[in-house]
Protein chains: 2
Amino acid sequence: MKTILVIGAGRSSSVLINYLLAHAQQEQWKVRVGDMDIKLAQQKTNEHPFADAFYFNIEDAQQREQEISGADVVISMLPAFMHGAVAKDCVRLKKHLVTASYVSEEMKALHEEAIRNDVLLLNEIGLDPGIDHMSAMEIIYKIEAQGGELTAFYSYCGGLVAPESNTNPWGYKFSWNPRNVILAGQGTAQYIEYGKLRYLPYSRLFASHATITVKDHGEFDAYANRDSLSYRSVYGIENIPTMLRGTLRYPGYCKAWHLLVTIGLTDDSFKIQHANKLTYAEFVESLLPSGEGSLQKRIAALCHIREDDQAMQKLLWTGLLGNDLIPLEHASPAQIVQELLERKWKLEAADKDMVVMHHIFEYSINDKKQTLRSSLVVIGKNQTETAMAATVGLPAAIAVRLLLNNKISKRGVVVPVHKELYEPILKELKEHQITFVEEIEF
Amino acid sequence: MKTILVIGAGRSSSVLINYLLAHAQQEQWKVRVGDMDIKLAQQKTNEHPFADAFYFNIEDAQQREQEISGADVVISMLPAFMHGAVAKDCVRLKKHLVTASYVSEEMKALHEEAIRNDVLLLNEIGLDPGIDHMSAMEIIYKIEAQGGELTAFYSYCGGLVAPESNTNPWGYKFSWNPRNVILAGQGTAQYIEYGKLRYLPYSRLFASHATITVKDHGEFDAYANRDSLSYRSVYGIENIPTMLRGTLRYPGYCKAWHLLVTIGLTDDSFKIQHANKLTYAEFVESLLPSGEGSLQKRIAALCHIREDDQAMQKLLWTGLLGNDLIPLEHASPAQIVQELLERKWKLEAADKDMVVMHHIFEYSINDKKQTLRSSLVVIGKNQTETAMAATVGLPAAIAVRLLLNNKISKRGVVVPVHKELYEPILKELKEHQITFVEEIEF
């Protein structure tokens, strides 16, 4: 029997664990699921005969070493910043590690030692990063095999709410880490367009959104991700003139979110003291330039929009201009907004989420220009088997099955841009209705 | 004989060292001046019989301990972040320390131990912080002694160029750390106005400047400093309804600097790779939204100004829209702008600098409203004895003389808001033509 150690039994682990349990008997796997919250682990394993649920404290070096020693492969579903210690133990104890997180500098530094110890540290094997890389590489490979020359690659992804559960004016509910949604885009977005490097400061990011049309699913807003440049070398397309990675939202989201950014409501750099003595309206006013008239009027002037703009309607709907008291004592504007939106943007029991991924490739074959669009739309089944949990968890789970069946030869720090990974994983994802639809325009 | 150890012989130490040397024989002081650049130290001490110049490496713990052990008082003119190790040694070795820097958390933590060891850690005894605190406290004390009730306190300070040396459209040349000027205001300015806390994000800071009139010296732009709130308790005016600390510039500076902020030219959060292959115009364009027409036209549209606005003239003058190549290889926008402006805003040999400080106190005495304005204007003598070096160095130097004559009883971490400090220091500053002019409006 082989032992798989899953660390972290949170929201995004459910489909992953279900897959492992579904294959456990046939593959002869023992699936050990550890979490700080043992009830979460028990819920996810549900007394399955091939599973163990146990209390696991990642900070406990002794327990960590013992558990990793007893495993054949480790899957860490913890937040990215917690992978470091696990990865170091894995390399030392010669165990493979799989994560759905971006490769950190700490992870990258383990590459050579992992190779020497015949260990695979497979990262970015979730949705975004993960399915984006795999589906992009498959198409890039195909275009290059036809002798095509890529001139532009746009890649977008969004974790959204399904149309039937889209019941608020923002078209957004949290199916993913709320803090990341509130702080999204802080920094400077970097991409390349027609051969020129472009830098887009946060203050203009949401005002500079594009409109993307996904076949059969209509239009979406898209704003640029922080880093579109480093993936040129990862994908082997160093000299591509245009490359942009972005995030999708329902139409109107970006213009309205830009109001929050402009007012300063997403600022996480300082704490408002005694915020609990303020109403939301007073809090918003403390960030506005002094002036006469209603808050709406002053915000409209500040943001160069009309008072009755749809974006203002969305802002009003949040309650940020209302007279409720803030329930936090000392908190940054971003924390105050997050707490409020976690109540307003809650994914309810009957709600379904939706994942949308959309790639656009522009290329020429024999001097003829073509555009290929490839789209993935996944609707969640319920609150547990969300589209997010499926698209994050299944690639990692499938990779583990391939690995334990000796189908992956790569070692060291790896992301799934290699054929031995993306080909079988994309194939199996289709069996789970995770399927891209392609259109070519000549 | 008493020994004074001066650490750091840079630009801001010259007037400080001159003062110490001028009093050395009478007071029987040995003045030891240490710097990483021994030539700087030799220049400043100029073979004075009561002085030593020596190579001093603050990172060398052994040398640091030896030098501090041999001193009666230490003056650190290093950048603030380097004071920590010196302060710890001073407390341990029971030596007094004087700095012109803001009290850091690290410094604050030494308070109790310093008191136990009978050590004074006197900080913020320069210009701003320093003279601002002392002159404010003197007036606050006077108003309170008259039974007055403070309703507002505005305090502004600027390190500028003297009018006769004001030869560029910005009215600015560097008389102080250039990096701090480029990054000024990043974060969120916090102040209180009519009893309401106000938060002003960096993106709007320079667009929200005020105009301040200083008697006999005309108008100045003023933008809010990061933190105006914490000084309420330091000054003992916790309940004042309005308090704002700000920075002065010649008129027009703030509107033009706001263009740089809006474009993203002061961003220090990422590096532009191979910047040396770009012209300044290409660099600026990489930060602008895509569009048609000249850079000027696109900047005017982005910033909501006319193409022929004075602010645009200032931007053009810098060369940022010109075709020279950038001389840095990998650099943040802020670093690129700093390198350029260090050439354009250089204080030339014949130039004189100017320091302007302006306080406005609004208060009522027996229900009668009064406004007191107190202004300090100091013009530098030459490139060495600048107004900046005099106003930063003299308060610290005078404090050291008081301390060595046992005139200061306070111990622990102290800032000069106490009468035993501000009264004699302000008095002696007048002998050096550092004199405030007051006007009262009834």
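Residues numbered from 1 in each chain as written. Chains lettered and ligands numbered in written order. Predicted model: local features only at pLDDT ≥ 70, side-chain atom pairs only at ≥ 80, totals over all residues. Heavy atoms only, no water.

Enquirer: Describe the overall build of chain A, and please don't skip the residues or the numbers.
Expert: Across its full length, chain A carries 17 helices and 16 strands. What you see for chain A is a C-alpha radius of gyration of 23 Å, in line with the 22 Å of a compact globule of 442 residues. Dimensions along the principal axes, computed over C-alpha positions, put chain A at roughly 70 × 60 × 40 Å. In chain A, buried positions account for 57% of the 442 residues. Of all intrachain contacts in chain A linking residues separated by at least 6 positions in sequence, the fraction that spans at least 24 positions is 70%. Summed over all atoms, the accessible surface of chain A reaches about 18800 Å², with 48% contributed by carbon and sulfur. Averaged over its 46 positive side-chain charges, chain A has a centre that lies 1 Å from the centre of its 54 negative ones. (Helix = DSSP H or I, 4+ residues; strand = E, 2+ residues; numbered from the N terminus. Rg over C-alpha atoms; globule rule 2.2 N^0.38 Å. Buried < 20%, exposed > 50% of the residue type's maximum accessible area, 1.4 Å probe, protein only. Contact = heavy atoms within 4.5 Å. Areas by Shrake-Rupley, 256 points an atom, 1.4 Å probe, with all protein chains shown as cover. Lys, Arg positive; Asp, Glu negative; His and termini not counted. Charge placed at Lys NZ, Arg CZ, Asp CG, Glu CD.)

Enquirer: Summarise the packing of aromatic side chains; cite the residues concerned and give the values.
Expert: How two aromatic rings sit relative to each other is set out by the distance from centre to centre and by the angle between their planes. Residues and elements named next belong to chain A. Scanning the model with the defined rule gives 38 aromatic pairs over all chains in all. Arranged with centres 6.0 Å apart and planes meeting at 40°, the rings of Phe153 and Tyr235 form a pair that is tilted. One end of the pair, Phe153, is in strand S7 (residues 149-161); the other, Tyr235, is in the loop between helix H10 (231-234) and strand S12 (242-249), and 82 residues separate them in sequence. Taken as a pair, Phe153 and Tyr235 share a single burial class, namely buried. (Phe/Tyr/Trp six-rings, centres within 6.5 Å; stacked < 30°, edge-to-face > 60°.)

Enquirer: Before we move on, can you summarise a nonpolar patch on the surface with the specific residues and values?
Expert: All names here are of chain A. A surface patch of nonpolar side chains, amounting to about 290 Å² of accessible area, comprises Met36, Ile38 and Tyr55. Residue position: Tyr55 is located in strand S3 (residues 51-55). Judged by its relative accessible area of 42%, Tyr55 is partly exposed. (Patch = residues over 30% accessible without salt bridge, like charges linked within 9 Å, V, L, I, M, F, W, Y side chains within 5 Å. Salt bridge = Lys/Arg side-chain N within 4 Å of Asp/Glu carboxyl O.)

Enquirer: Describe the interface of chain A and chain B, with residues and values.
Expert: Contacts between the two partners involve 26 residues from chain A and, on the opposite side, 26 residues from chain B. Together, the buried faces of chain A and chain B total about 2100 Å²; carbon and sulfur atoms form 43% of this surface. Three residues, Arg198, Tyr199 and Arg204 of chain A, lead the burial of chain A against chain B; their summed loss comes to 30% of the area buried on that side. Our count for the chain A to chain B interface comes out at two salt bridges. (Buried area = accessible area lost by both parts, 1.4 Å probe.)

Enquirer: Hey, could you go over the domain arrangement of chain A for me, with residue numbers and the actual values?
Expert: According to the domain assignment, chain A consists of domain 1 (2-123), domain 2 (131-256 + 348-386) and domain 3 (265-344). Between the C-alpha centres of domain 1 of chain A and domain 3 of chain A there is a distance of 41 Å. (Domains from an automatic or database assignment.)

Enquirer: Can you explain the side chain of Lys173 of chain A? Please cite residues and give values.
Expert: Residues and elements named next belong to chain A. Here Lys173 is to be found in the loop between S7 and helix H8 (178-182). Engagement of the side chain of Lys173 in a polar contact is seen with the side chain of Thr167, the distance being 2.8 Å. A distance of 2.8 Å separates the side chain of Lys173 from the side chain of Asp351, its partner in a polar contact. Setting aside residues up to four positions removed in sequence, Lys173 forms contacts with Val161, Ser165, Thr167, Asn168, Trp345, Lys346, Leu347 and Asp351. (Polar contact = N/O pair within 3.5 Å; in protein donor to acceptor, adjacent residues only side chain to side chain.)

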